[in-house]
Each structure stands twice: as structure tokens, then as C-alpha cells.
Amino acid sequence: RANIAACRAQDVTTVLAVNALAVPEGDAANLVFLDPPYRNDQLADAIDRLRAVGRLAPKALMIVETARSDPPPITAPLLAERVHGAARLSIWRED
């Protein structure tokens, strides 16, 4: 939320601190950050849920943090990837 405020983007941002497997229907997002618990194999299900309830806009960017050793869970085009310690940060574009 501090980063959102620093960017003066409060009027165009919604923070949903919820379990992505139970996210409610709502407006589609152009930018989504996901940081699931490591090694729980639920990321693909969470993304499927976001798609099913209309939360991912066409061509939305998804920034996903996973364990370094986790395989890529998304079939969308990978744009960038960085590894830091035990974490892998991947940036994907929704089809």
C-alpha cells in the first residue's frame, strides 16, 4: 500500500489480501501480484480462479513469486524472471 501511495495510484488500485482460490468476482485487473506459500502447488489453481471470475484483463501482467525450485506454473508467455536466494520472481502476460 505504501508503494501504491508513492505512485499516487490509490484511485486506480484495489488490494485484495485474500486467498486467491476464493477471490470474488469483480473488475478485471491489468496488473496482478501473486505470492502464494512456497511449494503448495496451488498457483495454477489460483490463476484459474482469477480467470474464471473475470479478474484478469486480456494481456494483464502477472508478477508471481514462487520458490526457486518450483517449476513454472503458468502457460502464458514468460516475459522476465529473476532468482533471489530461495525465491523466483516471474513476470507473465495473460493471453
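The text that follows walks through the structure, step by step, so that each part is easy to find. Not measured: the values here are computed from a predicted model. Here the residue numbers are simple positions, counted from 1 along each chain's written sequence. Reporting of local features is limited, given that this is a predicted model, to residues whose pLDDT is at least 70; pairs of side-chain atoms are given and counted only at 80 or more, and all residues count toward the totals for whole chains, interfaces and linings. Water and hydrogen atoms were dropped before computing side-chain values, which therefore reflect all heavy atoms in the structure.

1. Remarks on the overall build of the protein chain
1) Next: Across its full length, the protein chain carries 2 helices and 4 strands.
2) Next: A helix here means a DSSP run of H or I that spans at least four residues, while a strand means a run of E at least two residues long, and both kinds are numbered starting from the N terminus. Reading the protein chain from its N end, one meets helices and strands in the order α-β-α-β-β-β.
3) Next: In terms of overall dimensions, the protein chain is globule-like: its C-alpha atoms have a radius of gyration of 13 Å, near the 12 Å expected for 95 residues.
4) Next: Dimensions of the protein chain along its principal axes, counting C-alpha atoms only, are 35 × 30 × 25 Å.
5) Next: Put simply, the protein chain has 95 residues, and 29% of those count as buried.
6) Next: Long-range contacts, defined as pairs at least 24 residues apart, comprise 56% of the intrachain contacts of the protein chain with a sequence gap of at least 6.
7) Next: Here the open area of atoms and residues is found with the Shrake-Rupley method and a 1.4 Å probe, where only the protein chains shown may cover a residue. With an accessible surface of roughly 6400 Å², the protein chain has 52% of that area assigned to carbon and sulfur atoms. Only C-alpha atoms enter the radius of gyration; for comparison, a globular chain is expected to reach 2.2 Å times N to the power 0.38, where N is the number of residues. Relative accessible area decides the class of each residue, using a 1.4 Å probe on protein chains only: under 20% of the type maximum gives buried, over 50% gives exposed, and in between gives partly exposed. Any two residues whose heavy atoms approach within 4.5 Å are treated as being in contact.

2. What to know about the sheet that holds strand β4 (residues 87-93)
Backbone hydrogen bonds hold the strands of a sheet together, and the pairing may be parallel or antiparallel.
1) Next: Whether two strands pair comes down to DSSP finding at least two bridges between them. Reading across the sheet, the 4 strands line up as β1-β2-β4-β3 and stay open at both edges, with mixed pairing between neighbours. Whereas interior strands pair on both sides, the edge strands pair on one side only; in this sheet they are β1 (29-34) and β3 (78-84). Strand-to-strand, the axes of this sheet are offset by a mean angle of 10°, without reference to chain direction.
2) Next: When strand β2 (residues 56-67) meets β4, the two strands line up antiparallel, connected through 7 bridges. Angular values range over 0 to 180 degrees, each being the angle between N-to-C directions of two axes fitted as lines to C-alpha atoms, with helices fitted over their stretch in contact.

3. Concerning the nonpolar core
1) Next: What we call a nonpolar core is a set of buried Ala, Val, Leu, Ile, Met, Phe, Trp, Tyr and Cys residues that are connected through their side-chain atoms within 4.5 Å. Among the nonpolar cores identified, the biggest contains 17 residues, and L34, I47, L56, M62, V64 and I74 are the most heavily contacted of them.
2) Next: If you list the elements that add at least two residues to this core, you get β1, α2 (43-52) and β2.
3) Next: Among the elements that make up this core, the one with the highest residue count is β2 (5 residues).
4) Next: The residues contacting M62, other than those within four sequence positions of it, are V32, I47, R51, L56, I74, A76, S90, I91, W92 and E94.

4. Some points on the side chain of R88
1) Next: Looking at where R88 falls in the secondary structure, it is placed in strand β4.
2) Next: The class for R88 is buried, based on a relative accessible area of 17%.
3) Next: There is a polar contact of 2.3 Å between the side chain of R88 and the backbone oxygen of R68.
4) Next: Side-chain polar atoms of R88 contact the side chain of E81, separated by 3.4 Å.
5) Next: Not counting residues within four places of it along the chain, the set of residues in contact with R88 comprises V64, E65, T66, A67, R68, D70, E81, R82 and V83. Within 3.5 Å is the distance limit for a polar contact, defined as a pair of N or O atoms, with the added protein rule that one can donate a hydrogen and the other accept it, and that residues adjacent in sequence qualify only through two side-chain atoms.

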